[in-house]
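Examination of the molecular architecture
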Number of protein chains: 2
Amino acid sequence: MIKKVLIGIVCGAAVLTVGILIGHFGITKGGSSGPSWVEDVAKDVDQSLIEKFLSEVDNIQIQENLRELTKVPHMATTAGDEQTVQFMLKRWQDAETGLDDAWREEYLVYLSFPDPKNPNKVTVGDPSDTVLHAIREKEKTYNPEEDDPAVVQPYAAYSPAGHPKGKLVYANQGKPSDYQVLNQTVDLRGTIAITRYGGAGRGAKAINAAPYGVIGVLVYTDPLDINDGLMSDINETYPHSWYLPPSGVERGSFNVQFGDMLTPYLAAKEDTYRIPAEDITGIPPIPIQPIGFEDAYILICDVKLDIFNYEEVKNSSNVMGIIRGSVEPDRYVIYGNHRDSWVHGAIDPSSGTSVMLELTRVLGRMVKQGQWRPRRSIIFGSWGAEEFGLIGSAEYTEQYFAKLSERTVAYINVDIAVFANATLSASGMPSVQNIIFTAAKQVDAPGLVSTSVYDNWIKYSNRTSPAHGVIPRIGYLTGAGSDYAAFAHYLGITSMDISYTYDRSKTNARIYPAYHTAYDTFNYASKFIDPGFLSHQAIARTAGNVLIQLADSLVLPLNCSDYAETLEDYLKTAVSLYEEKLESRKISMGKNRGAGDATMQRDTSVRAINDQLMLLDRAFLDPLAFPDKYAYRHVIWASSSAGQPTFPGLADAFANADLSGQSSDWNKVHYHLSVASQAIEGAAQTLVDLSDLP
Amino acid sequence: MIKKVLIGIVCGAAVLTVGILIGHFGITKGGSSGPSWVEDVAKDVDQSLIEKFLSEVDNIQIQENLRELTKVPHMATTAGDEQTVQFMLKRWQDAETGLDDAWREEYLVYLSFPDPKNPNKVTVGDPSDTVLHAIREKEKTYNPEEDDPAVVQPYAAYSPAGHPKGKLVYANQGKPSDYQVLNQTVDLRGTIAITRYGGAGRGAKAINAAPYGVIGVLVYTDPLDINDGLMSDINETYPHSWYLPPSGVERGSFNVQFGDMLTPYLAAKEDTYRIPAEDITGIPPIPIQPIGFEDAYILICDVKLDIFNYEEVKNSSNVMGIIRGSVEPDRYVIYGNHRDSWVHGAIDPSSGTSVMLELTRVLGRMVKQGQWRPRRSIIFGSWGAEEFGLIGSAEYTEQYFAKLSERTVAYINVDIAVFANATLSASGMPSVQNIIFTAAKQVDAPGLVSTSVYDNWIKYSNRTSPAHGVIPRIGYLTGAGSDYAAFAHYLGITSMDISYTYDRSKTNARIYPAYHTAYDTFNYASKFIDPGFLSHQAIARTAGNVLIQLADSLVLPLNCSDYAETLEDYLKTAVSLYEEKLESRKISMGKNRGAGDATMQRDTSVRAINDQLMLLDRAFLDPLAFPDKYAYRHVIWASSSAGQPTFPGLADAFANADLSGQSSDWNKVHYHLSVASQAIEGAAQTLVDLSDLP
């Protein structure tokens, strides 16, 4: 059904056309034979502008942005958050380096906080309820900023309040299999499970536990997972290195779905209908609390959790800024990052926000000085309440669903701009691979002589492509790790996520160690993550270059034959994993269909070609394919638990049917095969010659 | 929330723009200052072409088309159906009057037939099972064609086979309220209900009956509903008039959903996953059979049904034909009608097919002779298996979902072209009102001197519009009565349905009396419906004119301020019906929001404006708003049982909550208010100034 289907002809047309168009529109370049708007229509990327942009992006500006953004903790909807809103607005409304327009967009969203008057407690008692040990309520401080009263107590957002008490059992990572194995030897009823971060989502550790009768969950950060085993704050951990001090606790949002949970698919405005809170799915059914490894190592006996979290609907702001397009104002390139942090958030997210502000400063000034105006419109989004479940970006996509779906060319996400300063890292739809490569080749690698970001990258992470040979490996955007999720999975907009990251030969840290802790400060970032801010500068240059090229190119630089290459890989994986079993059940994976050659007709306009490219990902959407997964509609990139690099619906349905053996489950495999097949054929149909009618 | 919301600015931009564009593109008209493709881009409707088209549309050609199409019964997937496929292909592939290309598109679809070897029986017996009366198995014949062995026995498609026997009870129209009332005085368990056509959908008459224990249903055509009370075939009914003979039986499909029921949302191709037949919803749970009023009037005592219907997956063909666009080949105007009938189907659907063939003959010749090529592409669809539930058109929209969604400008449906010859009748999205008016003003009314179709129409059906004064009334496309359903409700494509119809002062017939009977023949059509075929000609001219204008206009002739007028009416109705009760439940219907003035920037291209217009209806889609209604996604036009001319989801939710009083039902009212509000705001957002960014 899918096999060797139309993938072969995917995007022959668009590729062919670039050449034709360049000839076609070339007639007006430098001449004066046509009306002036013909020149506008034929406007393409100006390489001297790229050079000017790259030279003006300044590392010290980024450093100062970060210093300003991280003065105080700025958790979503707090006074510190409002301070960053004002700062963004001031910068984007600046007369000399601001944007065409900037404003605040507010949503009333459902958040969860610890109660400052009743801090959450975890205590160890003996059978007579004598408290033998109380877990620390705040992280140990090494620098004054960590002492800010606005530092929120470590907590699990959306954990219910409650006071469970029970014997402690170690449940590894809190995966379904962890509890299953444990349950074979231990009666889990009435116990408190202690788990370590990783392996399963935060909320999943509690959701997986509850069916076994577990009444509370602790989650700690294991030094092996985050600190390459180092544990001592006398000389090994921060402030001596980037490693997490023993008392550091990773905060986080413990919900599974993204977007405001009271208003699924609707923008969370004042009048909007809100579902009853008891109808929310995907949140912990039992209290859960994160702790540091210092405390995790001494827990014994009975443990009591006193969790006082409460929920509240609060006003959260996105800050929006725009540069209007000159030729196609109704085509949008969106660049975004969240603004809210858990504490000071120097890396997460302020590294990305500092980079965004430097981009807008350089581009804004060019616009204000009349040196440049992009062909297409650029929208900058500083999203609110990401840490609570990508809320600001999700609400934005719900509110402007139709307009964004119809007109958005691509979304660029730069959240944590610099995890570490070894190499570029990028994920995205395969069609953006080429434009990221192009941009990365034009940027110098930080701290290296005569080496481009691209040349450095290919040394750290590469693969062999049938079409291109050895190239850097870009990842798949299959999860919901940052604000690209609503753009990629809900709207079906071609998206990418860009950062600088680790040398994996030097650390096994699951993520940078101060992640979501009180130690994620300007001091930490400037001392241990990117002294000199050269990696930040490289990200600003690379991502900004991608942005300019997407906004200015005559023909959109999205390469759909690279998409086809990935789909072929998906298909090969599916055939090798599933074909035999499916054939034994008389479910056919497909038949050969002829691949046609596409020839363009000359009258085709550049806008028509660009529409084909812009709408390619939209063609993969199926709003009914994953009814249980909030906002996942993209048949190729939806999240999957099967862990196979192939069609996610098919992979999950197969894993499920293979386990249960039930024929209704095999029907679902066949169903997802049809869904994927129809989506791919439908997408391919949008890419063939424009005069080829359905 | 909805109240006085952005409706005010809906489409200010597009309206303003027409003038600007005409000035903008005018520079190239008649001059040679620009490259030749500039002239193509600025190409607009040629009025002399319209005149040529109107003069060449020939009533006798339509008559001969109809004669050929109705030679034999052509029920879906029968030999007669294949004969019409061949005929369409021959005509559309003709070297002199054919189209650019034409082909067959096949689907394997789930149909239901009576068993020719075991005809369905309805018998009246006494308690000892002696047969007192057997209902006729075939209609009485008056002309040789009605004797064709291919005339299918009257039956209810998708009625289960079965042999129920019980006391007959009269259940009026088989509405829920009919059974409810009846159940208060009669024990319905084990009875056979006899119902008359009308009031409830065909399948609903059995679906509504089953919960009361009814074991079988008969449905007859009441002479008061169809024949203005006339009953005698000696001198009153066909062949003496257009009225239905006593033995005439209306066949029909008794399913509620449309499209192939085994492959919801998937094109019914060979490999496609099919749901188990027992999972189909919306079909009669008990046997049901249609009968004529001759038999209905003599039924007494116990009645036995012997229904031998069976289901089968069969190959059904759409025939597709295209004319490629010259300037915008990737913009489609689709014109369609189904091809399959229940018997000879001279009116339903061959009147429409004959009209379509005349359109394609005239347009095809212009193209073949090089006199014309439309600006946009035109797709003609001759759909298969409509009578079984709009199957051919629904499968087509499923197969080409993305491509059609992205590129289709409008869908024109002409199914029964002529119900009667009094006046034009049209339904559609309000944005098509103006183009239908324009076309109807250019066509002479059949049989009248110096009177246009428009002038005649306004006498029969009119309303007063705040913007336009007294104008003909066009209906809403809220149901699924013909093949526009999948285009309007599933794809959200601006659609219309056009026909010639009754003088309601002369007949109360529910529909033309031979509808779905063996008497719907060429003889019937040419003698009683449209002698001389002048009304057919008027429909060919009017619908063809609409088609040409949609295909050739520089700026799409879709008027969104007329859409706004209807939305205002919807809103007024909603406020007057619901506001008081909603406010008492603290659900706000909205607040005033400022209406901005839209100003266009000159660089805006005609394609960008047209995209706004083309995609307006797409912006109203919400695939999750009506989870129980197959393929209904259009928030404004979805079917509704509340019978109020306002937002359908809101109206149904309100009726339900008002009845139950449950707070969860009032929540659903609030939810649908939010859904409608967000859809309207989202649509309005797509219509404001193109440089106005979200």
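Each remark here, short or long, concerns the structure printed above.
Scope of this entry: the structure provided in the associated data block. Model, not experiment: these values are computed from the prediction.

A word on the overall build of chain A
Each helix and strand in chain A was counted, giving 21 helices and 18 strands. Within the span of chain A, comprising 694 residues, buried residues form 64% of the whole. Considering only contacts within chain A whose residues lie at least 6 apart along the sequence, 80% involve residues at least 24 apart. Carbon and sulfur atoms form 51% of the exposed surface of chain A, whose accessible area is close to 23,500 Å². A distance of 2 Å separates the average location of the 59 positive side-chain charges in chain A from that of its 83 negative side-chain charges.

A look at the pairing of strand β2 (residues 121-125) of chain A
Residue and element names in this part refer to chain A. Where burial is concerned, most of β2 is hidden: four out of the five residues are buried. Pairing analysis gives five bridges linking β2 to strand β10 (residues 302-306), with the strands arranged antiparallel. Across the sheet, valine 122 pairs through a bridge with leucine 305, a residue of β10. As paired elements, β2 and strand β3 (residues 131-134) share three bridges and run antiparallel to each other. Bridge pairing in β3 places valine 124 opposite histidine 133. Here β2 folds back onto β3, and the loop between the two strands holds five residues, one of which, aspartate 129, carries a positive phi near 70 degrees.

Topic: the pattern of salt bridges
Applying the stated criterion across every chain yields a total of 68 salt bridges over all chains. A salt bridge links glutamate 137 of chain A to lysine 121 of chain A; the nearest nitrogen and oxygen atoms lie 3.1 Å apart. Highlighted residues: glutamate 137 of chain A in the loop between β3 and β4 (156-157) and lysine 121 of chain A in strand β2, separated in sequence by 16 residues. Judged by its relative accessible area of 30%, glutamate 137 of chain A is partly exposed. Notably, a salt bridge pairs arginine 607 of chain B with glutamate 328 of chain B, separated by 3.1 Å at the nearest N-O pair. Here arginine 607 of chain B is found in helix α19 (residues 606-614), whereas its partner glutamate 328 of chain B is found in strand β12 (residues 328-338), with 279 residues between them in sequence.

Observations regarding the interface of chain A and chain B
The interface is formed by 70 residues belonging to chain A together with 71 residues belonging to chain B. Connecting chain A to chain B are four salt bridges. Between aspartate 611 of chain B and arginine 607 of chain A there is a salt bridge, and its shortest N-O distance comes to 3.3 Å. At the junction of chain A and chain B, the tally comes to 23 residue pairs in polar contact (both at pLDDT 80 or more). If you tally residues by element for the side of chain A that touches chain B, the top one is helix α21 (residues 663-685) of chain A, at eight residues. Its residues assigned to classes, the side of chain A that touches chain B comprises 34 nonpolar, 20 polar and 16 charged.

Digging into the packing of aromatic side chains
Tallying each qualifying case throughout the model produces 86 aromatic pairs over all chains. On the numbers, 5.7 Å between centres and 50 degrees between planes, the contact of tyrosine 238 of chain A with tyrosine 519 of chain A is tilted. Note that tyrosine 238 of chain A is positioned in the loop between α8 (223-226) and β8 (252-253) and tyrosine 519 of chain A in the loop between β18 (495-501) and α16 (522-529), a separation of 281 residues in sequence. Tyrosine 238 of chain A gets classed as buried once you look at its relative accessible area, which sits at 1%. A centroid spacing of 5.6 Å and a plane angle of 50 degrees characterise the contact between tyrosine 142 of chain B and tyrosine 519 of chain B, whose relative ring orientation is tilted.

Observations concerning empty space enclosed by the protein
Under the counting rule described, the total for this entry stands at 13 cavities of 30 Å³ or more. Every residue lining the largest cavity is counted, 38 residues in all, and those nearest its centre are Ser405, Glu406 and Arg618 of chain A together with Ser405 and Arg618 of chain B. At the level of elements, β12 (328-338), α12 (401-407) and α19 (606-614) of chain A together with β12, α12 (401-407) and α19 of chain B are the ones that each hand at least two residues to the lining of the largest cavity. Of the residues contributing to the lining of the largest cavity, the split by class is 19 nonpolar, four polar and 15 charged.

Observations regarding the relation of the copies chain A and chain B
When chain A is fitted to chain B, the residual RMSD is 0.0 Å, and the transformation amounts to a turn of 180 degrees plus an axial shift of 0.0 Å. The transformation relating the two chain copies, once decomposed into turn and shift, fits a two-fold axis. A high fraction, 100%, of the interface residues of chain A reappear at the interface in chain B, so the copies pair face to face through one surface.

What counts as what
Residues numbered from 1 in each chain as written. Chains lettered and ligands numbered in written order. Predicted model: local features only at pLDDT ≥ 70, side-chain atom pairs only at ≥ 80, totals over all residues. Heavy atoms only, no water. Helix = DSSP H or I, 4+ residues; strand = E, 2+ residues; numbered from the N terminus. Buried < 20%, exposed > 50% of the residue type's maximum accessible area, 1.4 Å probe, protein only. Contact = heavy atoms within 4.5 Å. Areas by Shrake-Rupley, 256 points an atom, 1.4 Å probe, with all protein chains shown as cover. Lys, Arg positive; Asp, Glu negative; His and termini not counted. Charge placed at Lys NZ, Arg CZ, Asp CG, Glu CD. Pairing = 2+ DSSP bridges. Salt bridge = Lys/Arg side-chain N within 4 Å of Asp/Glu carboxyl O. Polar contact = N/O pair within 3.5 Å; in protein donor to acceptor, adjacent residues only side chain to side chain. Nonpolar A, V, L, I, M, F, W, Y, C, P; charged D, E, K, R; others polar. Phe/Tyr/Trp six-rings, centres within 6.5 Å; stacked < 30°, edge-to-face > 60°. 1 Å grid on protein atoms, 1.4 Å probe; cavity = no way out; pocket = protein on both sides within 12 Å on 5 of 7 lines; lining within 4 Å. Points joined across faces, edges and corners; volume = space filled by probe spheres on them. Least-squares fit on C-alpha atoms with pLDDT ≥ 70 in both.

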